[in-house]
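Spelled out from the first residue to the last, the chains are:
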Amino acid sequence: MTTVPTQPESVAGHGHHDEGSYLTPKGGFITTIWQWCTTIDHKKIGVMYLFAVLFLFFIGGVAALAVRMELLEPVRVLENGTVTGQLFAPTEGDIAGNNNLYNRLFTLHGAIMVFMVIIPSIPAALGNFILPLMLGAKDVAFPRLNLLSWWIYVAGSILAVGSILMGGVDTGWTFYTPYSTTTDGYFEVLLMIGGAFVLGFSSILTGLNFIVTTHKLRAPGMGWFDMPLMIWALYATSIIQVLATPVIGITLLLLIFERVFSVGIFDPALGGDPVLYQHFFWFYSHPVVYVMILPAMGIISELISVHSRKKIFGYRAIAFSSLGIAAVAFLVWGHHMFTSQGELTAAIFSALTFLVAIPTAIKVFNWIATLYKGSIALNTPMLYVLSFLFLFSIGGLTGLPLGALATDLHLHDSYFVVAHFHYVMMGGTIIAFVGGMHHWWPKMFGRMYSERWGMIGCVTVFIGFNITFFSQFILGTQGMPRRYASYVDEFQLLHVVSTIGSWVLLLGFLIHLFNFVHSLVAGEKAPADPWGALTLEWETESPPIEHNFHHEPIVTHGPYDFDTVRPPNYEGDFPMPDDYQGPTGPGSSEPAKA
């Protein structure tokens, strides 16, 4: 979306033009490790976030697989007293011990995936890397604050994972009272809640940094409506992080005070109100759903335009819909509490819930319109775009019966809610995150991956995901409650199908892991712009130099002007419209479209 002035030959090879990529080691092994630990380079911080998130995703995924293995067979007590179907029983026949360990595993899975993977995955990992590059900046506005955010994230994650080493917690990932104030594992619960409390500071500081960076560090010529839609999505996300995260921080702090000092805030035995905790928790946690999904929508906006080689349809509508979703997000927390509030209140929250569909549908329809008559490249990022559109649409549409009072009373606390949540959070956020990784991987590490294995991995993930979670919609409508370690025999077939699907899903992610590792070891060197994109990050080397650009970029056209601009650093054939008038990149005699 810019032209970067070409460096004169007289200065090429001198001064900072000689600097290698940000990945180039500047000393021995110990020195390099120390440089990474103390770096204020947004790219290195983003990469550290990325690998930390992927490691925690592995831990959370192992916990999920263990939960599915337990549900492969219901617990049965035979006539001779033998107990079957138990995977986690400390001693043979110990049903209570088995159920307790099951509760700890699904709490572990939920807490890690929500607080340590999905929330930071796109903003902290991909966002940290690409936001300054997309804006044409050398770094974020507050580089040292960015480093502090990273180490706060590490500290919070260590506290939370430390509770696992001490035996884990069985409160559920929402830490509902009275579970979190009365259950066993005093120190374990404090560690897990304390970890979530500390992680909130990382989100707040990252959000503040992104807001100031977006306001103050845009390249010359880049107005608000010249920004890539990824920036709009990260900006809206940052607003939610800054406004909503303090609420959960105060709530968890009150929970710790009640647990330690027996202050009556949420525990009815001490004169507290457990429903008050639900209000506080969901006032944060529903907006944070959009902290998870808005950056994913930003990724889809980028990928769908670049890989269909077509100008995004309805740029301003998509941009404003991001802000609209952020605003509505603060008004609908009560739909998580239909069964614990009055009829009038429930009816109001139900009506407000359906408002979310409007800005969300604007995005989906504009994405589909962008695909129409586009020159679509069916590569791995585009396959993930199509997967997102399919899976997220199912997740959104299945939210309608949960937002309607009459049907929610039947589906509440059933596996239908589990399936809906995973279709939105994993079918939306994680699918977009993996698609974004494939899109920006060449830029981040300077290596190409195998397109063939990337596509095989994507198809495998798509098939495994649908086998795993679509069957849970059926389980929910038939009455299977969530969070149970066993079930009646009639539900076994669908649980077996769901568990087999989780194995297929694991295979898909292992294929991606192999493909990424292979690309780092033996992948072809990536060109500056392997996709033919027009945003700023593709006009520097792959991987970028430490200060991102040799010269200050000057924006001369929009981020999606594929109808008038040929990507200047794209080495392949690029389809242009029949009425295309000529090149408008660097070195051309024609001015680019403003």
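Structural notes, computed from the coordinates. (Residues numbered from 1 in each chain as written. Predicted model: local features only at pLDDT ≥ 70, side-chain atom pairs only at ≥ 80, totals over all residues. Heavy atoms only, no water.)

1. Some words on the overall build of the protein
What counts here: Each helix is a run of H or I in the DSSP string that is no shorter than four residues. Each strand is a run of E no shorter than two, and both are numbered from the N terminus. Radius of gyration means the value over C-alpha atoms here, while the globule rule gives 2.2 Å times the residue count to the 0.38 power. Each residue is assigned to one of three classes by its accessible area relative to the maximum for its type, calculated with a 1.4 Å probe on protein chains only: buried under 20%, partly exposed between the two thresholds, exposed over 50%. For this analysis, residues touch if any pair of their heavy atoms sits within 4.5 Å. Exposure was quantified through the Shrake-Rupley algorithm and a 1.4 Å probe, taking into account, for residues, occlusion by the shown protein chains and nothing else. By the counting rule applied here, Lys and Arg register as positive and Asp and Glu as negative, while His and the ends of each chain are not counted. To locate a charge, the coordinates of NZ of Lys, CZ of Arg, CG of Asp or CD of Glu are taken.
Within the protein, the regular secondary structure consists of 17 helices and 4 strands. Over its C-alpha trace the protein gives a radius of gyration of 25 Å, about what one expects of a compact globule, namely 25 Å for 594 residues. Principal-axis analysis of the C-alpha atoms gives the protein an extent of 85 × 50 × 50 Å. Here the protein holds 594 residues, and 57% of them are scored as buried. A fraction of 79% describes how many contacts in the protein between residues 6 or more apart in sequence connect residues 24 or more apart. Of the roughly 23400 Å² that the protein leaves accessible, carbon and sulfur atoms contribute 69%. On the protein, the mean spot of the 25 positive side-chain charges and the mean spot of the 38 negative ones are 7 Å from each other.

2. Quick look at the packing of aromatic side chains
Put simply, the rule reads: For Phe, Tyr and Trp, where Trp contributes only its six-membered ring, two rings pair if their centres lie within 6.5 Å, and the inter-plane angle classes them as stacked under 30 degrees, edge-to-face over 60, or tilted in between. Think of it as a cone above the ring: NZ of Lys or CZ of Arg counts as a charge over the ring if it is within 6 Å of the ring centre and within 35 degrees of the ring normal.
Tallied over the entire structure, the rule returns 43 aromatic pairs. A ring pair is formed by F115 and F175, whose centres lie 6.1 Å apart and whose planes are at 15 degrees; its orientation type is stacked. With F115 in helix 3 (residues 95–135) and F175 in the loop between helix 4 (143–165) and helix 5 (179–182), this pair connects stretches of sequence that are 60 residues apart. Overall, the relative accessible area of 10% leaves F115 in the buried class. Of the residues examined, F175 reaches a relative accessible area of 1% and is grouped as buried. Taken together through their ring pairs, the aromatic side chains of F115, W173, F175, Y176, F266, Y277, F280, F281, W282 and F421 make up a single cluster. R218 extends its terminal NZ or CZ atom over the ring of W224, reaching a point 4.8 Å from the ring centre. Between R316 and the ring centre of F225, over which it is positioned, the NZ or CZ distance is 3.8 Å.

3. Quick look at helix 11 (residues 357–371)
Counted only if it meets this: Here a helix's expected span is defined as the number of its residues, less one, multiplied by 1.5 Å. Throughout, the arc means that of the directions going from the helix axis to the C-beta atoms.
Taking 1.5 Å per residue, 15 residues should reach 21 Å; helix 11 reaches 21 Å between its end C-alpha atoms and fits that length. Looking at helix 11, one finds that the buried residues are P359, T360, K363, V364, N366, W367, T370 and L371. All buried residues of helix 11 project into a common sector of 165 degrees when viewed along the axis, lining one side. Of the residues in helix 11, the exposed ones pointing more than 90 degrees away from the buried face are I358 and F365. Where helix 11 is buried, its residues contact helix 8 (274–306), helix 9 (315–328), helix 10 (343–355) and helix 12 (380–397). With its phi angle positive at about 65 degrees, K373 sits one or two positions after the end of helix 11.

4. Comments concerning the environment of A141
Here A141 shows up in the loop between helix 3 and helix 4. Under the relative-accessibility criterion, A141 is labelled partly exposed at 25%. A sequence separation of 45 residues divides A141 from Y186, and the C-alpha atoms of the two residues are 41 Å apart. The residues touching A141, leaving out its near neighbours within four places in the chain, are N209, V212, T213 and L217.

5. Remarks on the nonpolar core
As a reminder, the rule being used: As used in this record, nonpolar core signifies buried Ala, Val, Leu, Ile, Met, Phe, Trp, Tyr and Cys residues forming a set joined through side-chain atoms within 4.5 Å.
One finds W367 and F388 to be the most contacted residues of the largest nonpolar core, which totals 164 residues. When residues of this core are assigned to their parent elements, the largest contribution, 23 residues, is made by helix 3. Contacts of F388, omitting those with residues within four sequence positions, involve I293, A296, M297, I300, W367, S393, G427, G428, I431 and A432.

6. Here's the deal with the side chain of D561
How we decide: Under the rule applied, a polar contact is a pair of N or O atoms within 3.5 Å (in protein, one hydrogen donor and one hydrogen acceptor; residues adjacent in sequence only if both atoms are side-chain atoms).
Take D561: it is sitting in the segment after strand 4 (554–555). Polar contacts involving the side chain of D561 include one to the main-chain amide nitrogen of G558, which spans 2.7 Å.

7. Looking at helix 9
Between its terminal C-alpha atoms helix 9 stretches 20 Å, which fits the 20 Å expected from 14 residues at 1.5 Å a residue. Contacts made by the buried residues of helix 9 are with helix 7 (229–261), helix 8, helix 10 and helix 11.

8. What about the packing of helix 3 against helix 4?
This is how the line gets drawn: Each axis is a line fitted through C-alpha atoms, taken for helices only over the stretch in contact, and angles between the N-to-C directions span 0 to 180 degrees. Angle categories are assigned with fixed cut-offs, so that under 35 degrees is roughly parallel, over 145 is roughly antiparallel, 65 to 115 is roughly perpendicular, and the rest are oblique. The sense of a crossing depends on the near helix, which, turned anticlockwise from the far helix by less than a right angle, makes the crossing left-handed and, turned clockwise, makes it right-handed. In this count, Pro and Cys sit with the nonpolar residues alongside Ala, Val, Leu, Ile, Met, Phe, Trp and Tyr, while Asp, Glu, Lys and Arg are called charged and the others, Gly among them, polar.
Running from N to C, helix 3 and helix 4 cross one another at 165 degrees; their axes reach a closest spacing of 11 Å. When the interaxial angle is binned, helix 3 and helix 4 end up roughly antiparallel. Relative to helix 4, helix 3 is oriented so that their crossing is left-handed. Facing L108, I112, M116, P120 and N128 of helix 3, the residues of helix 4 in contact are N146, Y153, S157, A160 and I164. Of the residues belonging to the contact of helix 3 with helix 4, the class tally is 7 nonpolar, 3 polar and no charged.

9. Here's the deal with unusual backbone geometry
Residue P178 is reached from T177 by a cis peptide bond, and omega for that bond is 5 degrees. Within the secondary structure, P178 sits in the loop between helix 4 and helix 5. Cis geometry is adopted by the peptide bond preceding P543, which originates at S542 and carries an omega value of -5 degrees. Secondary-structure assignment places P543 in the loop between helix 17 (492–522) and strand 4. With phi around 60 degrees, D413 is a residue other than glycine that occupies positive phi space. Turning to its location among the elements, D413 is positioned in the loop between helix 14 (405–411) and helix 15 (415–445). Within the chain, R483 stands out as a residue other than glycine whose phi angle is a positive 70 degrees.

10. Brief notes about the pattern of salt bridges
The line we're drawing: Whenever a carboxyl oxygen of Asp or Glu lies within 4 Å of a side-chain nitrogen of Lys or Arg, that contact is scored as a salt bridge.
In this structure the tally under the stated criterion is 6 salt bridges. Between R76 and E73 there is a salt bridge, and its shortest N-O distance comes to 3.3 Å. Overall, R76 belongs to the partly exposed group, its relative accessible area being 25%. The exposure class of E73 is partly exposed, given its relative accessible area of 32%. The closest approach of N and O atoms between R482 and D413, which form a salt bridge, is 2.7 Å. Of this pair, R482 sits in the loop between helix 16 (451–477) and helix 17 while D413 sits in the loop between helix 14 and helix 15; the two residues are 69 residues apart in sequence, bridging distant segments of the chain. For D413, a relative accessible area of 37% translates into the label partly exposed.

11. A short note on a nonpolar patch on the surface
Selection criterion: For patch building, the residue pool is restricted to those with more than 30% relative accessible area and no salt bridge; the joining distance is 9 Å between like charges and 5 Å between nonpolar side chains (Val, Leu, Ile, Met, Phe, Trp, Tyr).
There is a patch of nonpolar side chains on the surface, built from M166, Y186, F187, L253, F257, V260, F261 and V263 and spanning about 740 Å² of accessible area. For the nonpolar patch, the element with the most residues is helix 7, which contributes 4 residues. Among the secondary structure elements, L253 is positioned in helix 7.

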